[in-house]
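Analysis of the macromolecular model
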Amino acid sequence: MKFFTTVHDVASPQQLLQEAIELKKDPFGFSELGKNKVLGLLFMNPSLRTRLSMQKAAMNLGMQVIVMNINQDSWTLEFNDGAVMNSTRQEHVKDAAAVMGLYCDIIGVRCFPSLTNREEDYSEKILLQFMKYCKKPFISLESATLHPLQSLADAITIKEFQKQKIPKVVLTWAPHIKPLPQAVANSFAEWMRFSEVDLVITHPEGYELQEDFTKGATICYHQTEALLDADFVYVKNWSSYNEYGLMPKVEEDWLLSEQKMKLTNNAHLMHCLPVRRNVEVPDELLDGPNSLILQQAENRIYSAQVVLKKMLETNYNKLQNVVEKNVLMEE
Ligand code: AN0
Ligand code: CP
């Protein structure tokens, strides 16, 4: 594996899932694989789980890790080609990523969307530039539109806890006090297409996700209707895609409750965290017996580890210039 930025980078998502579950049984079984290899993690935004689970996963494989908060600890990066850099941005991503590529064997980048320029965010301009210039196997630590490490961990968690052959999985929008990216929801929908589940996405009008990600899922504007007989309820807030980055007014009550959960098939409750307690999800559900939030967070180690393992096993000499991938993505 050379890239991990979307489910489409994975030859067989089901096989990857199975391999992650095997790794979980024997986390130190490949502790020689990463000897003398360096993982570089670059964060343009805050993180707890992604940062620490990547480090833990790399340690399990015997790798060394370098972490940097871009812009905060480094120079402020410029992303526009041909920019005359006479203002506040001191270094071009072209140079910064190329240098980091020299220091690291695998690179991961977190770059959230601006939520102001939809075209630019959905083109993954920032992520693609890091990929292009670092010329190394590359992992998205949550980009403008997707969060594949989270979705893989979520798919593992569902596989571990499902009792039905084809569980009903409901992704429900939840209230929040500020606009959040669509990445977790887009990514979850994208990965669920490769799992044998019945996916229902429920959200208020105005919060439709981009159809490329949700195709195959049932979209329902009534939360209580969607929750009927659900086996898993995945809660997440996201801001509007159509009125990009805004929070169109919602009249109905979208906060989940014990009462609403009674409509489900005693469903498991999921959230990727961080969660604003009693704004997005009430305490009693997060702390209740059906909550899987910690299991999801634990599985972040194995989603990270299986991806790193696959990359370490790839023959680097065969790594082609990532520019080719960019060309492919544009076709
Ligand atoms: C981020 C998001 O919604 O994309 C990260 C989630 C893993 N959440 C916040 O910014 C609160
Ligand atoms: N779920 C998740 O990615 O958490 P962090 O933002 O803390 O990394």
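Refer to the structure printed above.
Now for a quick tour of the structure. (Residues numbered from 1 in each chain as written. Chains lettered and ligands numbered in written order. Predicted model: local features only at pLDDT ≥ 70, side-chain atom pairs only at ≥ 80, totals over all residues. Heavy atoms only, no water.)

A short note on a nonpolar patch on the surface
Stated precisely, the cut-off is as follows: Within this analysis, patches are made of residues with over 30% relative accessible area and no salt bridge. Like charges are joined at 9 Å or less; nonpolar side chains (Val, Leu, Ile, Met, Phe, Trp, Tyr) at 5 Å or less. Accessible surface is estimated by sampling points in the Shrake-Rupley manner with a 1.4 Å probe; for residues, cover comes only from the protein chains shown. For this document, the term salt bridge refers to a Lys or Arg side-chain nitrogen within 4 Å of an Asp or Glu carboxyl oxygen. Comment: elements are numbered from the N terminus, with helices defined as DSSP H or I runs of at least four residues and strands as E runs of at least two. A simple rule labels every residue: compare its accessible area, found with a 1.4 Å probe on the protein chains alone, to the largest value its type can have, and call it buried under 20%, exposed over 50%, or partly exposed in between.
A cluster of nonpolar residues, I66, V99, L102 and Y103, forms a patch on the protein surface that exposes about 420 Å² of accessible area. If one sorts the elements of the nonpolar patch by residue count, helix α3 (residues 93–103) sits on top with three residues. Tracing the backbone shows I66 in strand β3 (residues 64–69). For I66, a relative accessible area of 41% translates into the label partly exposed.

A look at helix α5 (residues 125–134)
By the criterion of burial, α5 is predominantly enclosed, with seven of the 10 residues buried. At the exit of α5 stands K135, carrying a positive phi of roughly 55°.

Observations concerning the packing of aromatic side chains
What counts is decided by this rule: Here a pair means two rings of Phe, Tyr or Trp (six-membered ring of Trp) with centres within 6.5 Å. Their orientation is stacked below 30 degrees between planes, edge-to-face above 60, and tilted elsewhere.
Per the counting criterion, the structure on display carries nine aromatic pairs. Judged by centre distance (6.1 Å) and plane angle (80°), the ring pair of Y122 and Y244 falls under edge-to-face. Here the residue Y122 occupies a position in helix α4 (residues 118–122), and Y244 occupies one in the loop between β11 (232–236) and α10 (258–261), the gap between them amounting to 122 residues. Across this residue pair, the class does not change: Y122 and Y244 are buried. With a centroid separation of 6.1 Å and 85° between ring planes, the pair formed by W173 and W254 is classed as edge-to-face.

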